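# Results of the structural survey
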Amino acid sequence: MPRRVSRDKDRDDKGKKRGQNRFSPQRKRACRFCADKNLRIDFKNPQQIGLYISERGKILPRRYTGACSKHQRDITLAVKRARILAVVPFTSTQVRGFNG
Amino acid sequence: MREYETVYILDPALTDADVQHSLDKVGETIKRHSGVIFRSQNMGKKTLAYRVKKQSKGYYVAFDYTGDNKLVSEMERAFRLDERVLRYLTVKLDDEVNVDQRKQQLADEAEALAKAMAAQQAAAVQAPEAVLTEEVNNA
């Protein structure tokens, strides 16, 4: 699969028209942790950590979480801590046969 | 003084009184090392995401405190020896912390939260009226 061109670059190089044809609609979302300075990610809160992991328990990439690089690092660290404390699973296969 | 947060998981077979006893004991250790506790809480019995020491549930207990590395190592030693502790994790929150300032900050945060809750409740009660007045204003 060809590597997807970053949105910003596309817009700068080729102008608005081409970008719109390819990936419309285009919108840039701000990182939610940057937008609200008081918002902190808590590794003890399973509901909050659950937003940043896939069904298999993998950490979601930035294109899904919408976080900036700094806050994506915070998210990664929080998920890893939550895994240690059994707040979220390391993998979904661990859950199988759990009730035994 | 550094600020640390420690979370540990206790055996689900314990009673709330046992958990409280453990909480007090850790609190004593912190005080003995001239640390200050900002927050300590029993977060209750929760289901674990995977089994730890053959247990599928556990009591989560969290501490926010200041102290030095000796305190942390002693606490963790106690956790390792104690069979009722399933898992523990200590995280450094801050390298240098001003105790009074931090206490004030926490108090402010708690106050703000209480205010927000009260406001939310009030809004829920007054919501139908508010909508009505808005309509009148628009007309």
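Rules and cut-offs
- Counting from 1, residues in each chain are numbered in the order their sequence is written.
- Ligands are numbered from 1 and chains lettered from A, in the order in which they are written.
- Given that the model is predicted, a residue must reach a pLDDT of at least 70 before its local features are reported, and side-chain atom pairs must reach 80 or more before they are shown or counted; all residues, however, enter totals for whole chains, interfaces and linings.
- The helix count covers DSSP runs of H or I at least four residues long, the strand count covers runs of E at least two residues long, and both are numbered beginning at the N terminus.
- Whether a residue is buried, exposed or partly exposed follows from its count of other C-beta atoms within 10 Å of its own C-beta, namely 20 or more, 12 or fewer, or something in between, respectively; the C-beta atoms are built from the backbone.
- Think of it this way: build a C-beta for each residue from its backbone, and any pair within 7 Å is a contact.
- The term nonpolar core refers to a set of buried Ala, Val, Leu, Ile, Met, Phe, Trp, Tyr and Cys residues connected through C-beta atoms within 7 Å.
- Each residue gets one label: Ala, Val, Leu, Ile, Met, Phe, Trp, Tyr, Cys and Pro are nonpolar, Asp, Glu, Lys and Arg are charged, and the others, such as Gly, are polar.
- DSSP-based pairing: two strands are paired if at least 2 bridges between them are found.
- Every axis in this analysis is a line fitted to C-alpha atoms, fitted for helices over the stretch in contact. Angles between the N-to-C directions lie between 0 and 180 degrees.
- In what follows, roughly perpendicular refers to angles from 65 to 115 degrees, roughly parallel to angles under 35, roughly antiparallel to angles over 145, and oblique to any angle outside these ranges.
- When the near helix sits turned anticlockwise from the far one by under a right angle, the crossing is termed left-handed; a clockwise turn instead gives a right-handed crossing.
- Bear in mind that the domain bounds are from an automatic or database domain assignment.
- Helix span, as expected, comes to 1.5 Å for every residue beyond the first.
- The reported arc concerns the directions from the helix axis to the C-beta atoms and nothing else.

### Focus on the overall build of chain B
A tally of regular secondary structure across chain B gives three helices and four strands. Each helix (α) and strand (β) of chain B, taken in turn from the N terminus, gives the series β-α-β-β-α-β-α. In chain B, which comprises 139 residues, the share counted as buried stands at 19%. Taking contacts inside chain B between residues at least 6 apart in sequence as the whole, the part at least 24 apart equals 74%.

### A closer look at the overall build of chain A
In terms of helices and strands, chain A carries five helices and zero strands. N-terminal to C-terminal, the α/β element order of chain A is α-α-α-α-α. Considering chain A as a whole, with its 100 residues, one finds that 16% of them fall into the buried category. Counting only contacts in chain A whose residues sit at least 6 apart along the sequence, the fraction spanning at least 24 positions is 58%.

### Topic: the nonpolar core
Ranked by internal contacts, the top residues of the largest apolar core, which has 33 residues, are A:Ile49, A:Ala82, A:Val87 and B:Ile9. Within the residue set of this core, elements represented by two or more residues are α5 (69–84) of chain A together with β1 (2–10), α1 (16–32), β2 (37–52), β3 (55–67) and α2 (69–81) of chain B.

### So, the interface of chain A and chain B
Across the contact, eleven residues belong to chain A and twelve residues belong to chain B. Of the residues contributing to the side of chain A that touches chain B, the split by class is eight nonpolar, one polar and two charged.

### A closer look at the sheet that holds β1(B)
All names here are of chain B. Spatial strand order, β2-β3-β1-β4: four strands in an open sheet with antiparallel pairing. Taken across any chain shown, the strands that pair with only one partner, and hence form the sheet edges, are β2 and β4 (85–94). Direction aside, neighbouring strands of the sheet carry axes that sit 20° apart on average. Across the sheet, α2 is in contact with β1, β3 and β4; its angle to β4 comes to roughly 165°.

### Points about unusual backbone geometry
With a phi close to 60°, A:Ala86 is a non-glycine residue in the positive phi region. Along the chain, the position of A:Ala86 falls in the segment after α5. Positive phi outside glycine occurs at B:Lys54, with the angle close to 65°. Examined against the element boundaries, B:Lys54 turns out to sit in the loop between β2 and β3. Judged by the 6 C-beta atoms lying within 10 Å of it, B:Lys54 is exposed.

### Quick notes on the packing of α1(B) against α2(B)
Residues and elements named next belong to chain B. Running from N to C, α1 and α2 cross one another at 155°; their axes reach a closest spacing of 10 Å. Judged on the interaxial angle alone, α2 and α1 are roughly antiparallel. α1 and α2 meet at a crossing whose hand is right-handed. Here Val26, Thr29 and Ile30 of α1 lie close against α2, whose contacting residues are Leu71, Glu74, Met75 and Ala78. A per-class count over the contact of α1 with α2 returns five nonpolar, one polar and one charged.

### Points about the domain arrangement of chain B
Residue and element names in this part refer to chain B. Per the domain assignment, the segments making up chain B are domain 1 (2–97) and domain 2 (98–139). Domain 1 puts five residues into the contact, and the matching count from domain 2 is five residues. Each residue belonging to the side of domain 1 that touches domain 2 can be placed in one class, and the counts come to three nonpolar, one polar and one charged.

### Some points on the pairing of β3(B)
All names here are of chain B. Sheet topology places β1 next to β3; nine bridges connect them, and they run antiparallel. In the sheet register, Ile9 faces β3, and the bridge partner there is Tyr60. The turn joining β2 and β3, which pair antiparallel and follow one another in sequence, is formed by two residues; a positive phi near 50° is taken by Lys53.

### Some details on α1(B)
Residue and element names in this part refer to chain B. Here α1 spans 24 Å end to end across 17 residues, near enough to the 24 Å set by a 1.5 Å rise per residue. Among the residues of α1, those classed as buried are Val19, Ser22, Val26 and Ile30. The arc that holds every buried residue of α1, seen down its axis, measures 80°, which confines them to one face. The outward face of α1, more than 90 degrees from its buried face, is lined by the exposed residues Ala17, His21, Asp24, Lys25, Glu28 and Arg32. Turning to α1, the residues buried within the fold contact β1, β2, β3 and α2. Phi turns positive one or two residues past the end of α1, at Ser34, with a value near 50°.

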